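Per-entry structural report
Next come the chains, spelled out residue by residue.
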Amino acid sequence: MNFDEIIDRRGHLSSKWDMMEKLYGVPADDGLAMWVADMDFRSPDCVQDAVRAKLEHGIYGYLGDYSPYTSAIQWWMKNRHGWEIEHDWILTTTGLCNGVGIAIDTLTSPGDAVVLFTPVYHAFARVIRSANRNVVECPLVNNAGRYEMDFDAYEPLMTGKEKMLILCSPHNPGGRVWSKDELRAVGDFARRHDLLVISDEVHHDLVFSDHQHTAMPLADPGIADRLIMLTAPSKTFNTAGSHCGQMIVSSDTLRGQLKARMTALSLASHDFGVAMTTGAYSAEGAVWVDELVTYLDGNRKLFDEGVNAIPGISSMNLESTYLSWVDFSGTGMSREEYKKRVNKGARIAVNYGSTFGTGGETFLRFNVGMPRARIIEAVERLQAAFSDLQ
């Protein structure tokens, strides 16, 4: 649990570290990678041991018995989230974007529309548009630095072509943990407009102590007939490269349709991803996650304090995730100017808020899932890059 250890990821084919110079002009030798949403911590021993057992066995054949894997998922959802699920509800995908793509491909048609509460994780819109579906943006309200939904404003945006809604819960990039009332309002909205709901809950384990995440089917049990839950250990245990996620679907009808489509495409799970998930979702993994969340909480507080000390810059108060959402509108600078100061002046690679849809235009997203020394360094670099505002 040494989260302070600096691990050099450069030269290991890391998207986050090895692509920042090409994409952002941030020098590889001394730049800080704070964009891609994976962490700079090693996965816990329970995950490493699962991989090590595979390596030591040395034979990587077809999987036959998934029961240890599905039992581990069941255990985790019940013990960490109070959500009891059945083995048969679990469909395994090669990551959650793959799950979104399968659901869109199976359950909607070209020309249909999919609702997003923006700004939101940028890959959703990319997958929707690549599938020749249309994005309907329902902008979140920024109420004093905290995102809220405004369903009265969303009603006129509905045209009848909408077939699906994708919810990010907890929210990326704003870090909101939606309340039970808010989640029930999403369910009511979906029923009014006959929308299928994809609830992406990949960040559900990374919630800070003064907040409580509620799984969508627990907040609104009546939505089960139209709900596809997306979960994965990838953000929690830093295993995104394993490309292993879950669609958990209690509806026999929806699950049957999805399973048939996956069979037609001959999609199968990755042996190492299954092993990592089985190892992660354990009592040992739970202890590690509790330590991780405490460490991330310290990181986000330190980062927030540092960036909020710069006049005109403000970060949203994260309730979950390790992704700090920082607003530069108060600087009065153009988008190109503050991006240049962050990329060139501070030598930090970040995600640009405009890629997250309407409402994200004046923001940048910073990944604080890294050793604390690098958070301190990032704050110092940002304060220096905007020193004329001090």
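Identification of the chain as cysteine-S-conjugate beta-lyase from Roseovarius lutimaris is taken from an unreviewed UniProt entry. Annotation of the chain in UniProt includes, under Cofactor (unreviewed entry), the sentence "pyridoxal 5'-phosphate". Listed in UniProt under the heading Sequence similarities (unreviewed entry), the comment for the chain reads: "Belongs to the class-II pyridoxal-phosphate-dependent aminotransferase family. MalY/PatB cystathionine beta-lyase subfamily."

1. Observations regarding the pairing of strand β9 (residues 227–231)
As a general feature of sheets, a regular strand has side chains that alternate between the two faces. Within β9, 5 of the 5 residues are buried, which leaves the element mostly enclosed by the surrounding structure. Of the two faces of β9, both are covered, the one formed by Leu227, Met229 and Thr231 as well as the one formed by Ile228 and Leu230. With 4 bridges connecting them, strand β8 (residues 196–200) and β9 associate as parallel partners. The residue of β9 that forms the bridge with Asp200 is Leu230. Looking at chain direction, β9 and strand β10 (residues 245–248) are connected through 3 bridges and run antiparallel. By the bridge assignment for β10, Met229 is matched with Ile248.

2. Some words on the domain arrangement of the chain
Taken domain by domain, the chain consists of domain 1 (15–44 + 285–389) and domain 2 (62–281). Inter-centroid distance (C-alpha atoms) of domain 1 to domain 2 is 25 Å. Both faces considered, domain 1 and domain 2 share a buried interface measuring about 2900 Å² in area, 56% of it formed by carbon and sulfur atoms. It is Met316, Glu319 and Phe356 that lose the most area in domain 1 upon contact with domain 2, and together they represent 25% of the buried surface on that side. One can count 3 salt bridges joining domain 1 with domain 2. As a salt-bridge pair, Arg146 and Glu319 come within 3.0 Å of each other at their nearest N and O atoms. Here domain 1 and domain 2 share 18 residue pairs in polar contact (both at pLDDT 80 or more) between them. Mapped by element, the contributors of at least two residues to the side of domain 1 that touches domain 2 are α13 (283–308), β12 (323–327) and β15 (363–367). A class-by-class count of the residues in the side of domain 1 that touches domain 2 yields 17 nonpolar, 11 polar and 7 charged.

3. A closer look at the sheet that holds strand β14 (residues 351–352)
Taken in spatial order, the 4 strands line up as β11-β12-β15-β14 in an open sheet, and their pairing is antiparallel. Both edges of this open sheet fall to β11 (314–315) and β14, since each of them pairs with a single strand only. Here β11 pairs with β12 via 2 bridges, running antiparallel. Residue pairing in the sheet places Ser314 in a bridge with Asp327 of β12.

4. Section: unusual backbone geometry
The omega torsion across Ser169 and Pro170 is 0°, close enough to zero to call that bond cis. With respect to the helices and strands, the residue Pro170 is situated in the loop between β7 (162–168) and α8 (180–192). With an omega dihedral of 25°, the bond running from Asn172 to Pro173 counts as a cis peptide bond. In the Ramachandran plot, His243 falls in the positive-phi region, its phi being about 50° despite a non-glycine side chain. Looking at where His243 falls in the secondary structure, it is placed in the loop between α10 (234–237) and β10. With phi around 55°, Arg347 is a residue other than glycine that occupies positive phi space. Look at Arg347 and you get partly exposed, because its relative accessible area is 26%.

5. A word on the sheet that holds β10
Spatially, 7 strands are ordered β2-β10-β9-β8-β7-β3-β4 in an open sheet, and the strand pairing comes out mixed. Here the strands that pair on one side only, and so sit at the sheet edges, are β2 (90–93) and β4 (134–139). For this sheet the average axis-to-axis angle between neighbouring strands, irrespective of direction, equals 25°. One ladder, built from 5 bridges, connects β7 with β8; its direction is parallel. Across the sheet, residue Ile166 finds its bridge partner in β8, namely Ile198. Across the face of the sheet, helix α4 (residues 67–81) comes into contact with β2, β9 and β10 while running at roughly 70° to β10.

The rules we used
Residues numbered from 1 in each chain as written. Predicted model: local features only at pLDDT ≥ 70, side-chain atom pairs only at ≥ 80, totals over all residues. Heavy atoms only, no water. UniProt positions renumbered as here; feature names shortened; annotations may be inferred. Buried < 20%, exposed > 50% of the residue type's maximum accessible area, 1.4 Å probe, protein only. Helix = DSSP H or I, 4+ residues; strand = E, 2+ residues; numbered from the N terminus. Pairing = 2+ DSSP bridges. Domains from an automatic or database assignment. Buried area = accessible area lost by both parts, 1.4 Å probe. Salt bridge = Lys/Arg side-chain N within 4 Å of Asp/Glu carboxyl O. Polar contact = N/O pair within 3.5 Å; in protein donor to acceptor, adjacent residues only side chain to side chain. Nonpolar A, V, L, I, M, F, W, Y, C, P; charged D, E, K, R; others polar. Axes fitted to C-alpha atoms, helices over the stretch in contact; angles between N-to-C directions. Contact = heavy atoms within 4.5 Å.

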